[in-house]
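# Per-entry structural report
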Amino acid sequence: MVAKLLVSLTIDFVGSCSYLLPGVGEAFDLAWAPTQTIMISAMYDDTTPSLKYVSFIEEILPFTDVVPSATIGWSKEYAPVLLSIGQQKVHEIIVAARREKDVAFAK
C-alpha cells in the first residue's frame, strides 16, 4: 500500500515538474502523457478504469498538471480500507473509555 502511494506520488511529481522548464514543459507533457497513462492503467485499471483517460487529458491540456491523477487513483483504491480501519479504531477507543467509566463508577 505504501509502495503504491510512493509510486503514485512520483508519477504526479514527474508530471508536475514540466512547469520547471518554461517553453519545454508542454513538449515534455506530450511525451509524458502516454507514459503516465500506461503506468496509471497498470496500477489502477481494476479499481478505476476511467482514471487513465482523465490522466491523459490532464497531462495533454496546458496548465492542468497540478491535478494529482495517480494519487487520486491511490485514494480511490485505499480510502475505503483506511476509513474502515479508522472507524474500527475509534470504536475500540469508545468501548475502552466506557469500560473505564463503568469501572470508575463501580468503585
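Residues numbered from 1 in each chain as written. Predicted model: local features only at pLDDT ≥ 70, side-chain atom pairs only at ≥ 80, totals over all residues. Heavy atoms only, no water.

## Things to note about helix α3 (residues 51–60)
Of all the positions in α3, only L51, K52, S55, E58 and E59 are classed as buried. Within α3, the buried residues cover an arc of 130 degrees as seen down the axis, which keeps them to one side. (Buried < 20%, exposed > 50% of the residue type's maximum accessible area, 1.4 Å probe, protein only. Helix = DSSP H or I, 4+ residues; strand = E, 2+ residues; numbered from the N terminus. Arc of directions from axis to C-beta.)

## Points about the nonpolar core
Ranked by size, the top nonpolar core spans nine residues in total: I11, W32, I40, M43, Y44, L51, A70, W74 and Y78. Elements with a contribution of two residues or more to this core: α2 (25–44) and α4 (69–106). With four residues, α2 is the largest single contributor of residues to this core. Those residues in contact with M43 that sit more than four places away from it in its chain are K4, V7, S8, I11 and E77. (Core = buried A, V, L, I, M, F, W, Y, C linked by side-chain atoms within 4.5 Å. Contact = heavy atoms within 4.5 Å.)

## Overview of the environment of E100
Relative to the elements of secondary structure, E100 occurs in helix α4. The sequence separation of E100 and Q36 amounts to 64 residues, and the corresponding C-alpha distance is 52 Å.

## A short note on helix α1 (residues 2–16)
In a regular helix each residue adds 1.5 Å, so 15 residues correspond to 21 Å; α1 covers 21 Å between its end C-alpha atoms and thus fits that length. Buried residues of α1: S8, I11, D12 and G15, and no others. Each buried residue of α1 lies within a common arc of 90 degrees when the element is viewed along its axis, so the set occupies one face. With respect to the buried face of α1, the exposed residues turned more than 90 degrees away are V2, A3, L6 and F13. (Expected span 1.5 Å × (residues − 1).)

## A few points about the side chain of S69
Turning to its location among the elements, S69 is positioned in helix α4. Once residues within four sequence positions are removed from consideration, S69 is found in contact with D12, Q36, I40, L51, S55 and E58.

## Quick word on the side chain of D12
With respect to the helices, strands and loops of the structure, D12 is situated in helix α1. Contacts of D12, omitting those with residues within four sequence positions, involve P68, S69, A70 and T71.

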